[in-house]
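Take a look at the letters that make up each chain.
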Amino acid sequence: MSRPFPYTYISCPCADTPVPDPARKRRSRESPQKPPPERDTEANEGQDDAKQSADKDDEEDEDEEQTFDPRSPRSNFSLYPPEQLLYCEDCHQIKCPRCITEEIVSWYCPNCLFETPSSMVRSDGGRCGRNCFNCPVCTAPLAVSTIENVTGNASGQGPWVLSCGYCLWTTLDIGIKFDKPTNIRSQLQKMTDSTTGPAFDARSRQGSRAFGDLKSPLSNFASIDEQANPSERDTEQSTSKEDQTPTPHLGAEARFAALKNFYRTQISETSNSPSDPLSSEFGFSSPGALNRLMSLYASSSRLSGLYGGTKKTKSKPPVMREALTASEGLRIASGDADSALVERIASPDCGWDGVASLSQRTEQSPDVRFVDELLPLPVLLRTKRAKRCKSCKHILVKPETKPQSTRFRIRLIALSYIPLPTLRPLAQSSATSISGLAPAPDLNALSPLRPYHVLLTLKNHMFDPVRITLATPSVTPGIVATKVTVLCPQFEIGANSDVWDEALQNATAPLSDRITGMRGGEKVPEAGKVWEKGRNWTTVVLEVVPGTLPGSQAEDGQAGNTDIAATFQKDEDVLEIPVFVHMEWDAEAQLEQQNVGKASKPDDLVARELAYWMVLGVGRIQAAL
Amino acid sequence: MSAPSNLRHTQTARPTSPHTPQQPSRSGNTSFASTTSPGSTFRNEDDAIIFELGARWLRAGFEGSGTPFCVVGFGPEESRRVGDYRGWIQGAAGNGPLPKPVNAEDWARDYELWQPDLRKVDLGLLEDKIERLFRETYNQYLLTDAGSSRLVLTLPSLMPHPLLSSLLSTLFSRWRFPSITLLPSATMSATAAGLRSALVVDIGWAETTATGLYEYREITTKRSTRAMKSTHQELGRLLSRLVSGENHETEAKDDGISVGFAYCEEILTRFAWCKPRTNDGEQAEVPAHTVLIPSPTNPAQGFVDVPFSRLAEPVETVLLATGTPESELDDEEKSIPLLVYNTLLALPPDARGTCMSRILFVGGGARIPGLRQRILQEVSFLIEQHGWSAIRGKAVERQRQRMEDLRISSRTNGQKPKPTSENGDTPAEDEKIDPSQEVPEIDFVEQKLRRQNKDIPVPVQGVLREVESLGAWAGASLVTSLKLRGMVEIEREKFLQHGLAGATRDSEPPVPDRRSGLRAGDRSSWTLAGWA
């Protein structure tokens with residue numbers, strides 16, 4: 001149940017092909033004691049290997065013919081509303097988001113609709129780099145306004161703040177004001193920088209990366225460079241130490257940068273030693289160092305053998321050490337912080353609303369705990385993505401690059417290939433024959449054990465007529481056994497010809513349609529007969545007898561129904577009918593598939609077929625009889 | 001999770017110690033290496049994407065950044081059908097009270113990606129969930145094409161093989177990842193704290209693990225089922241009791257939970273705390289004040305007053321097993337302080353000394369204020385009580401008493417330095433008197449070493465100390481950005497041929513294989529190392 005009743009879902013056929021696990025075959029051969037989970041209920045312990053694999057195969061065969069169960073938890077992942085599916089013209093198959101690959105065409109901010117160049121996406125953290133922010137408390141978009149506006153008297157000048165129009169949160173709550181109304185993101189970044197520590201923003205991170213790149217791969221072998229580098233780094237480190245000593249608690253990003261710097265230094269200090277044994281300090285050579293040396297020598301002179309360098313390892317390389325000071329990223333936990341936290345949480349002026357909620361916290365940096373530590377969130381960017389078929393790589397969807405444009409260059413949606421199913425209840429003429437207009441049954445409360453008629457209309461969008469075969473299990477799977485009968489399982493839908501063609505050819509046809517539509521109330525559903533038929537659509541009747549809910553049986557005083565009640569899942573009372581649709585049509589052979597010789601005959605036809613499961617959500621069954 | 005022994009003692013979990021100069025050897029070798037796989041050396045130009053995957057949360061982001069781009073949880077909202085907007089219409093499930101009490105296991109099941117007990121896990125469903133999770137993470141947060149760049153997964157070093165296989169085959173068959181590197185989360189947490197050896201206590205969802213790391217190698221791991229899942233369940237029961245009234249508090253133990261999971265989690269993340277340790281005699285000063293929490297029966301509207309001290313109860317009873325004598329605890333449900341102590345005890349003395357002053361707390365439970373401090377207090381109390389000896393019990397106590405008497409009498413009588421050993425226990429007894437207060441022996445080698453590297457500070461050792469880690473994700477990001485190669489690097493083609501079974505069974509692969517950074521090495525075989 002997800003949408004208002006009645007609704008239809010289509011199951012992508014890719015659900016039938018499980019993820020190929022290359023090891024599964026071997027695994028089952030190697031370790032027969034690990035049966036797949038669904039087989040646990042069966043008592044088959046005493047079976048030998050061969051038999052097990054044999055009946056496993058049987059079971060797989062059975063699986064293929066099993067009816068689709070819309071209630072199984074897995075079906076949630078394969079069912080899609082018909083309008084969300086795509087169709088690959090080369091594979092002739094429905095494609096769901098699971099069987100396509102996506103390529104990003106452009107990035108844009110959904111708030112300001114500015115396109116972000118791909119080079120900036122990473123450095124901006126995948127978020128808008130301008131003025132678009134979301135409220136950290138309620139996620140509504142924040143507006144840039146002056147303080148005067150917020151406090152009441154408008155002058156249009158002065159410091160600026162971000163304010164939420166929904167929950168009235170402003171950046172003043174966290175003590176942040178902006179000097180100018182533009183480029184808020186970088187202003188904010190500067191402010192949080194100074195509070196949380198150095199090396200926070202993207203620029204300095206890039207700086208450190210550039211620094212790392214300086215150390216070109218080749219120069220590592222040249223010892224002169226290496227001699228120079230550590231000293232440089234030492235001075236840098238000492239300066240950074242001076243910088244950082246006043247700030248005992250670095251933010252997460254700053255600590256990370258410190259750690260990264262530390263590891264870089266360590267790696268370069270420990271790696272230059274083999275070329276320069278004199279500078280080596282004493283240390284225990286860890287196995288890692290040993291291996292590294294061996295690999296160095298082994299790679300430079302392979303002929304000397306794998307252990308050619310063992311002689312040289314006597315010159316002990318310096319070991320990497322662990323981080324020792326705060327400037328190297330070490331942070332010793334203090335117990336006082338925690339008890340202060342507890343006191344603050346318990347204090348009456350904090351309360352429930354003072355502590356950040358789980359959803360607020362997940363969006364923020366990991367250390368945040370209280371509401372007044374929340375920072376405004378830059379809006380997440382969105383992408384326009386081209387989609388390709390996963391198996392044949394043909395493009396299925398290609399949008400225009402511009403964020404403002406909603407057009408697509410290519411878009412192969414499934415509905416132009418498969419018939420659109422719509423469902424509608426048939427007014428119960430027999431029950432309420434007194435009044436001329438029979439009321440449609442209330443789909444949110446279907447009474448059990450009472451026959452309903454549902455009209456299923458399939459509308460064809462292809463330019464070829466389609467032959468349809470419907471099949472459905474006579475009793476729906478699940479605890480609530482509902483009987484379903486398709487009164488006319490085989491029928492044909494006309495081609496989606498030009499509307500004007502039809503109108504010109506037989507002008508009376510729509511009229512007669514309308515007449516039959518008017519007479520619908522009087523008509524009686526008959527087995528084997530199509531209910532209604534139009535230019536490119538056909539309606540058939542499904543007879544549905546909802547089963548009884550297990551809860552209602554409890555009134556009879558049956559024993560043991562608590563078990564049923566326990567397993568009774570949440571949406572069990574929703575009546576969903578799995579229907580297998582098999583469609584056949586004669587399509588014009590596409591050019592690339594024709595032989596060269598046959599190309600002269602443009603009207604030769606290829607029979608095509610497509611089969612899939614769809615799920616019809618009819619309604620919710622009432623508990624009481 | 002039944003047979004941890006063969007997994008634990010392989011010692012090779014984190015192969016690439018950061019000694020390795022990755023860039024030089026790689027570039028120095030391209031001329032030779034290009035014959036094997038030319039593309040592979042250039043592949044690293046794209047920044048790798050790092051995922052940390054647990055039973056409840058997923059963290060994802062790019063290498064080199066300090067915090068993940070996103071943290072994504074799993075819940076029933078994530079496994080709805082496409083186009084099912086009930087979560088938005090009615091408010092997310094699990095906030096309100098439940099119509100009828102639910103068994104504690106079922107209550108939490110929808111919110112976890114997997115359970116350690118794989119008999120109940122539908123692997124197909126798990127694959128579906130993983131696929132959707134990764135796809136949406138890429139599309140919503142990472143904003144890059146899935147499959148184009150290397151993938152690094154940070155996983156607990158003990159993953160059931162079916163799970164690992166499902167995970168890898170889903171990722172490989174769904175997208176075109178050139179390779180997937182696995183990094184053990186415990187070691188990564190240590191790296192993110194700047195340490196090489198540590199005791200990593202991961203208070204996770206289904207279980208708490210304490211991993212002793214020495215020089216980046218996992219030496220020993222002990223685990224306990226006292227973790228956040230049972231804490232959630234306990235808090236759920238507590239809140240259910242609030243709903244039904246306090247009267248049948250004792251019998252309500254086995255009843256189901258009648259409050260929503262999300263509601264319960266919200267309270268846990270906001271208000272759960274842990275009392276500091278009180279000595280046996282004195283009464284704990286209970287903070288008398290109450291806090292307002294949303295009413296369990298109607299969270300949207302009403303608030304109820306709850307004594308703040310009650311919100312510490314679930315943590316106390318579940319994680320610390322207060323009120324349950326140690327003898328009652330089964331092997332797999334030791335309290336966390338005991339778990340930490342036992343893990344330290346299982347370490348060799350040298351490693352123990354190093355690890356005990358480098359204790360890291362990671363995982364969801366580490367965020368409960370006061371808990372870490374409390375665990376350390378309990379552990380130091382255990383050390384005080386028992387020393388580093390696994391021998392307990394009355395008989396031992398009596399024996400020790402006797403030895404003590406003997407020693408005192410022998411001292412007073414004959415001024416002998418040591419009683420002649422009548423049985424084997426004596427040396428141990430000596431050691432046990434009080435090792436911390438004895439004057440340490442002067443070790444000449446040690447002194448010489450110290451003299452030789454005066455500039456290198458002496459590492460802290462032998463005292464209980466807690467170090468804060470940035471978390472496993474940050475560690476993996478750090479390691480990957482330093483261009484260190486993981487030992488377990490699974491290449492697409494190789495995996496697609498044989499799956500997990502294609503990994504060499506060698507837990508300790510030959511030495512040439514381990515010079516990481518070299519593609520030219522024998523990479524035709526790959527290993528699962530610690531995961532094997």
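All of these numbers come straight from a predicted model, not from anything done at the bench.

**Points about the packing of helix H12 (residues 336–346) of chain B against helix H14 (residues 371–386) of chain B**
Residues and elements named next belong to chain B. Interaxial distance between H12 and H14 falls to 9 Å at its minimum, and their mutual angle equals 55°. With respect to H14, the axis of H12 lies oblique. Along this stretch, H12 crosses H14, giving a crossing that reads as right-handed. Contact residues: H12 offers Ile336, Pro337, Val340 and Tyr341, while H14 offers Ile375, Glu378, Val379 and Leu382.

**Quick word on the sheet that holds strand S13 (residues 408–411) of chain A**
All names here are of chain A. Taken in spatial order, the five strands line up as S6-S5-S11-S12-S13 in an open sheet, and their pairing is antiparallel. Looking at which strands have only one partner, the edges of the open sheet turn out to be strand S6 (115–116) and S13. When strand S11 (residues 382–389) meets strand S12 (residues 395–399), the two strands line up antiparallel, connected through two bridges. Paired with Lys387 across the strands is Val397, a residue of S12.

**Observations regarding unusual backbone geometry**
Unusually for a residue other than glycine, Asn183 of chain A sits at a positive phi of about 55°. By secondary structure assignment, the location of Asn183 of chain A is in the loop between strand S9 (160–164) and helix H5 (184–196). Take Asn183 of chain A: there are 14 C-beta atoms within 10 Å of it, and that puts it in the partly exposed class. Although it is not a glycine, Ala321 of chain B adopts a positive phi angle of roughly 55°. Tracing the backbone shows Ala321 of chain B in the loop between helix H11 (313–319) and H12. Ala321 of chain B gets classed as buried once you count the C-beta atoms within 10 Å, which come to 20.

**A short note on the domain arrangement of chain A**
Residue and element names in this part refer to chain A. For chain A, the domain assignment lists domain 1 (98–106 + 381–412), domain 2 (110–196 + 333–378) and domain 3 (419–593 + 604–620). Between domain 1 and domain 2, the C-alpha centre-to-centre distance is 34 Å. Counting residues at the interface gives five residues for domain 1, matched by eight residues for domain 2. When grouped by side-chain class, the residues that make up the side of domain 1 that touches domain 2 number two nonpolar, two polar and one charged.

**As for the domain arrangement of chain B**
Residue and element names in this part refer to chain B. By domain assignment, chain B separates into domain 1 (8–74 + 111–192 + 470–531), domain 2 (198–226 + 336–389) and domain 3 (228–319). Taken together, the contacts link 20 residues of domain 1 with 18 residues of domain 2. Counting residues per element, the side of domain 1 that touches domain 2 draws most heavily on helix H8 (residues 185–191), at four residues. Among the residues making up the side of domain 1 that touches domain 2, the classes are represented as seven nonpolar, nine polar and four charged.

Quick notes on the rules
Residues numbered from 1 in each chain as written. Chains lettered and ligands numbered in written order. Predicted model: local features only at pLDDT ≥ 70, side-chain atom pairs only at ≥ 80, totals over all residues. Axes fitted to C-alpha atoms, helices over the stretch in contact; angles between N-to-C directions. Helix = DSSP H or I, 4+ residues; strand = E, 2+ residues; numbered from the N terminus. Parallel < 35°, antiparallel > 145°, perpendicular 65-115°, else oblique. Left-handed = near helix turned anticlockwise from the far one by under 90°. Contact = placed C-beta atoms within 7 Å. Pairing = 2+ DSSP bridges. Buried ≥ 20, exposed ≤ 12 C-beta atoms within 10 Å, placed from the backbone. Domains from an automatic or database assignment. Nonpolar A, V, L, I, M, F, W, Y, C, P; charged D, E, K, R; others polar.

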